[in-house]
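Listed here are the chains, written in short residue letters.
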Amino acid sequence: PLFRSSMIKKVVKLLDKGKFKEAEDILRPVIEKSPNDAEALFHLALARRDQDDIWEAIELIKQAIKAQPRNATLYFALGNMQLVIPDYDEAEKNFLKSTGLDPNNVDARNGVAFLEIRQSRFKAAEHSLMIALNIDPDNVQALIFIGIALLEQGQHDTAIEHLQKAVQLDPGNAQGQF
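As the structure is a prediction and not an experimental result, all values here were calculated from the model.

### Comments concerning the nonpolar core
And then number 1: L15, I61, L74 and M81 are the most contacted members of the largest nonpolar core, which has 29 residues in total.
And then number 2: Secondary-structure elements contributing two or more residues to this core are α1 (2–16), α2 (20–33), α3 (38–50), α4 (54–67) and α5 (72–84).
And then number 3: The element contributing the most residues to this core is α3, with 8 residues.
And then number 4: Every residue in contact with L74, bar those within four places of it in the chain, is listed here: A38, F42, I61, A64, I65 and Q68.
And then number 5: Within the second largest apolar cluster, 18 residues are counted, among which are A113, F122, A125 and A132.

### Concerning helix α9 (residues 140–152)
The α-helix winds at 3.6 residues per turn, so residues separated by three or four positions along the chain end up facing the same way.
And then number 1: Along its 13 residues, α9 runs 19 Å from first to last C-alpha, staying within 8% of the 18 Å computed at 1.5 Å per residue.
And then number 2: Residues of α9 that are buried include every one of V140, A142, L143, I144, F145, I146, G147, A149 and L150, and no others.
And then number 3: Sitting at the head of α9, N139 places a side-chain oxygen 3.3 Å from the backbone nitrogen of Q141.
And then number 4: Within two residues after α9, G154 carries a phi angle of roughly 80°, on the positive side.

### What to know about the side chain of E92
And then number 1: Here E92 lies in helix α6 (residues 88–101).
And then number 2: Classification of E92 as buried rests on a relative accessible area of 12%.
And then number 3: If near-sequence neighbours (up to four positions away) are discounted, E92 is found in contact with V112, L115, E116, Q119 and R121.

### Some words on the packing of α2 against α3
And then number 1: It is at 9 Å that the axes of α2 and α3 come closest, and there the two elements cross at 145°. Between α2 and α3 lies a crossing of left-handed hand. Every residue of α3 that contacts α2 at F20, E24, L27, R28, V30 and I31 is listed here: A40, L41, H43, L44, A47, R48 and D50.
And then number 2: For the contact of α2 with α3, a count of residues per class yields 8 nonpolar, 1 polar and 4 charged.

### Overview of unusual backbone geometry
And then number 1: Notably, D52 is not glycine yet its phi reads approximately 65°, a positive angle.
And then number 2: With respect to the helices, strands and loops of the structure, D52 is situated in the loop between α3 and α4.
And then number 3: For D52, a relative accessible area of 71% puts it in the exposed group.
And then number 4: Of note in this structure, S120 is not a glycine but carries a positive phi near 60°.
And then number 5: Along the polypeptide, S120 turns up in the loop between α7 (106–118) and α8 (122–135).

### What to know about α2
And then number 1: With 14 residues, α2 ought to run about 20 Å at 1.5 Å a step, and its terminal C-alpha atoms sit 20 Å apart, in line with that.
And then number 2: Taken residue by residue, α2 has F20, A23, E24, L27 and I31 as its buried positions.

### Description of the pattern of salt bridges
And then number 1: Applying the stated rule across the entire model yields 13 salt bridges.
And then number 2: In this structure, K21 engages D25 in a salt bridge whose closest nitrogen and oxygen atoms are separated by 3.0 Å. Here K21 pairs with D25, and both are found in helix α2, just 4 residues apart, close to one helical turn.
And then number 3: Accessibility expressed as a relative area gives 54% for K21, which makes it exposed.
And then number 4: Across the pair K165 and D138 runs a salt bridge whose closest N-O atoms are separated by 3.2 Å. You can see K165 sitting in helix α10 (residues 156–169) and its partner D138 sitting in the loop between α8 and α9, a full 27 residues away along the chain.

Thresholds applied
Residues numbered from 1 in each chain as written. Predicted model: local features only at pLDDT ≥ 70, side-chain atom pairs only at ≥ 80, totals over all residues. Heavy atoms only, no water. Core = buried A, V, L, I, M, F, W, Y, C linked by side-chain atoms within 4.5 Å. Buried < 20%, exposed > 50% of the residue type's maximum accessible area, 1.4 Å probe, protein only. Helix = DSSP H or I, 4+ residues; strand = E, 2+ residues; numbered from the N terminus. Contact = heavy atoms within 4.5 Å. Expected span 1.5 Å × (residues − 1). Polar contact = N/O pair within 3.5 Å; in protein donor to acceptor, adjacent residues only side chain to side chain. Axes fitted to C-alpha atoms, helices over the stretch in contact; angles between N-to-C directions. Left-handed = near helix turned anticlockwise from the far one by under 90°. Nonpolar A, V, L, I, M, F, W, Y, C, P; charged D, E, K, R; others polar. Salt bridge = Lys/Arg side-chain N within 4 Å of Asp/Glu carboxyl O.

Okay, structure coming up:
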């Protein structure tokens, strides 16, 4: 366990530095030895995604889900990857699976809300985002999305309050979003 923990930490550092091939060189032998190692599969999927091989990344995440079908993080990651290809219906299903397994997963709730907004389901998005903001009142993404959903429903004053809070919390990120 100690070796494994340090190995995963090393892989995460390599991924953070953009050294995807080096991370892969560590992960592939682990997966060859243990093809159902969900953690190694997950990190390899991130490396493949960041090298623009979204299809292999998706297959690796699906393999990880087979090994750990109750892992909310894996469903969230799969949903995010499905946004890229784009397969919005499957992405929404996987974000919902993630929130079902981890009701406090604000990022997955934001994913659901993004898709609801995209489909002009603004009231549903508002509901999803109110849950997210009850969990994390300072989540900038949720504040931006609820601002958009409320604007689309004509609730301008409340929308502006949420958008202003997002800008106050993270001026650079929030302004780039809208």
